[in-house]
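Residue strings, one per chain:
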Amino acid sequence: MKNVSLTIDGQKITARAGEKILWAALANDIYIPNLCAIKEKPEPNASCRLCFVEVEGEAEPVTACTHEVNDGMVVNTRGEKALRLARAGFELLMASHPVDCAHCTANGDCELQKIARHLKVSLKTKRLRLLLHNLPIDDSNPLFTYDPNKCVLCGRCIWACRQDVKSGVFGFAHRGFERVMTTFGDEPIGSDRCLNCSRCVEACPTGALTFKDERKS
Ligand code: SF4
Ligand code: SF4
């Protein structure tokens, strides 16, 4: 397929025509915050609202996971308008997240920490009231633990389980604030449906799905 040339943050790059800005940027080591983006998925979820960028000629920032590259396009991932939108999205997300990194298995390898650093914001929101879910932790699987309170509803585990392993242990349930990533029929994760392949844990960007043998004391 044809390639196009574009500029992101002053860096000239080439990308496949039709490629989304997000994947073109990441392939060239230009980080754009994202949680729900899955490269192999034909239609992006565009639900986490973190990957805003500014494109020359566009009046408003666009989401990099949905916007395709064009020849001669000029993209700015650091524009104030885009950063403001991304920070607002992140703050909203963290308003229901129990931040306790010191006791979290994901500490140091958590996408939320990376995004906070990138956006130069705190993990703990100061403007919004903290509204926690206080859901029970599922410890039934011998290899890993699911803490739904740390889930950011990105859908990566669902995709990994369905597409990579052709199993369907996980899915989303409920709407709005009640929305939760759960198992089919609300069964414990340690049920027979799970093949214990751990692809879901590897796909999880936060401390929601974590290996037991990596647990911190
Ligand atoms: S999931 Fe990430 S942000 Fe949340 S407590 Fe764990 S390390 Fe901290
Ligand atoms: S458990 Fe992890 S991978 Fe699955 S939806 Fe939640 S944050 Fe995403």
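Given the structure is predicted, the values throughout are model-derived calculations rather than measurements.

*Asks:* Even after reading the chapter, I still don't get the sheet that holds strand 2 (residues 11–16), so can you show me in this structure?
*Replies:* Each strand in a sheet pairs with its neighbour through backbone hydrogen bonds, running either in the same direction (parallel) or in the opposite one (antiparallel). A sheet is described by the order of its strands in space; here five strands give the open sequence 2-1-5-3-4, paired in mixed fashion. At either end of the open sheet lies a strand with only one pairing partner, and these are strand 2 and strand 4 (62–63). Note that strand 3 (residues 52–55) and strand 5 (residues 74–76) share two bridges and pair antiparallel. Its bridge partner lying in strand 5, V55 is registered against V75.

*Asks:* What is the right way to look at the site of ligand 1 in this model?
*Replies:* Around ligand 1, the structure places H97, P98, D100, C101, C104, A106, N107, C110, L112, Q113, T206 and G207. Because more than half of its atoms lie within 2 Å of the grid, ligand 1 is assigned to the largest cavity. Across the shell around ligand 1, the residue classes tally to six nonpolar, five polar and one charged.

*Asks:* I'm lost on the layout of surface pockets in this one. Help?
*Replies:* One water molecule sets the probe size; rolling that probe over the atoms shows where empty space is left. Its boundaries defined by the atoms lining it, the largest pocket holds a volume of some 850 Å³. In terms of lining, the largest pocket is formed by 37 residues, of which the most central are S47, L93, V152, L153 and R179. Contributing elements (two or more residues each) for the lining of the largest pocket: helix 2 (80–94), helix 4 (156–164) and strand 8 (180–183). In terms of residue class, the lining of the largest pocket is made up of 22 nonpolar, 10 polar and five charged. Of the volumes computed, that of the second largest pocket is approximately 330 Å³. Every residue lining the second largest pocket is counted, 19 residues in all, and those nearest its centre are L135, P148, V180, T182 and D186. Of all the elements, strand 8 adds the most residues to the lining of the second largest pocket, at four residues. Considering only residue class, the lining of the second largest pocket consists of 10 nonpolar, four polar and five charged.

*Asks:* Which parts of the structure should I look at to understand the nonpolar core?
*Replies:* Where a protein is soluble and globular, its nonpolar side chains tend to be buried together. Grouped together as the largest cluster of nonpolar side chains are 22 residues, with contacts concentrated most on L6, I8, I21, I32, V53 and V75. Listed by contribution, the elements that provide at least two residues to this core are strand 1 (3–8), strand 2, helix 1 (21–27) and strand 3. Looking at this core element by element, the count peaks at five residues for helix 1. Setting aside residues up to four positions removed in sequence, I21 forms contacts with I8, I32, V53, V55, A64, H67, E68, V69, M73 and V75. Listed in part, the 19 residues of the second largest apolar core include C48, A86, C104 and L112.

*Asks:* Just to check I follow, could you spell out the environment of V75 for this structure?
*Replies:* With respect to the helices and strands, V75 occurs in strand 5. With 100 residues separating them in the primary sequence, V75 and R175 have C-alpha atoms 34 Å apart. Beyond its immediate chain neighbours, meaning those up to four positions away, V75 contacts L6, T7, I8, D9, I21, V53, E54 and V55.

What counts as what
Every chain begins its residue count from 1, and numbering advances along the sequence as written. Key to labels: chains lettered from A, ligands numbered from 1, both in the order written. Predicted model: local features are reported for residues with pLDDT of at least 70 only, side-chain atom pairs are reported and counted for 80 or more only, and whole-chain, interface and lining totals are derived from all residues. Calculated side-chain values reflect all of the structure's heavy atoms, with hydrogen atoms and water omitted. Pairing between two strands is assigned when DSSP locates at least 2 bridges connecting them. Helix and strand assignments come from DSSP, with helices taken as H or I runs of at least 4 residues and strands as E runs of at least 2, each series counted from the N terminus. One heavy atom within 4 Å of a molecule or strand is enough for the residue carrying it to be called near that molecule or strand. Computed over the protein atoms alone on a 1 Å grid, cavities are sets of points where a 1.4 Å probe fits but cannot get out and pockets are open sets with protein on both sides within 12 Å along at least five of seven lines; a residue lines them when it has an atom within 4 Å of a point. To decide whether a molecule occupies a pocket or cavity, check its atoms: if more than half lie within 2 Å of the grid points, it is inside. Side-chain classes are defined by residue name, with Ala, Val, Leu, Ile, Met, Phe, Trp, Tyr, Cys and Pro counting as nonpolar, Asp, Glu, Lys and Arg as charged, and the others, Gly among them, as polar. Grid points are joined across faces, edges and corners, and a volume is the space filled by probe spheres set on the points. Here the nonpolar core consists of buried residues drawn from Ala, Val, Leu, Ile, Met, Phe, Trp, Tyr and Cys, with membership extended through side-chain atoms lying within 4.5 Å. Burial classification: accessible surface area is computed with a 1.4 Å probe over protein chains only, and a residue below 20% of its type maximum counts as buried, one above 50% as exposed, and the rest as partly exposed. Contact criterion: two residues are considered in contact whenever any of their non-hydrogen atoms come within 4.5 Å of each other.

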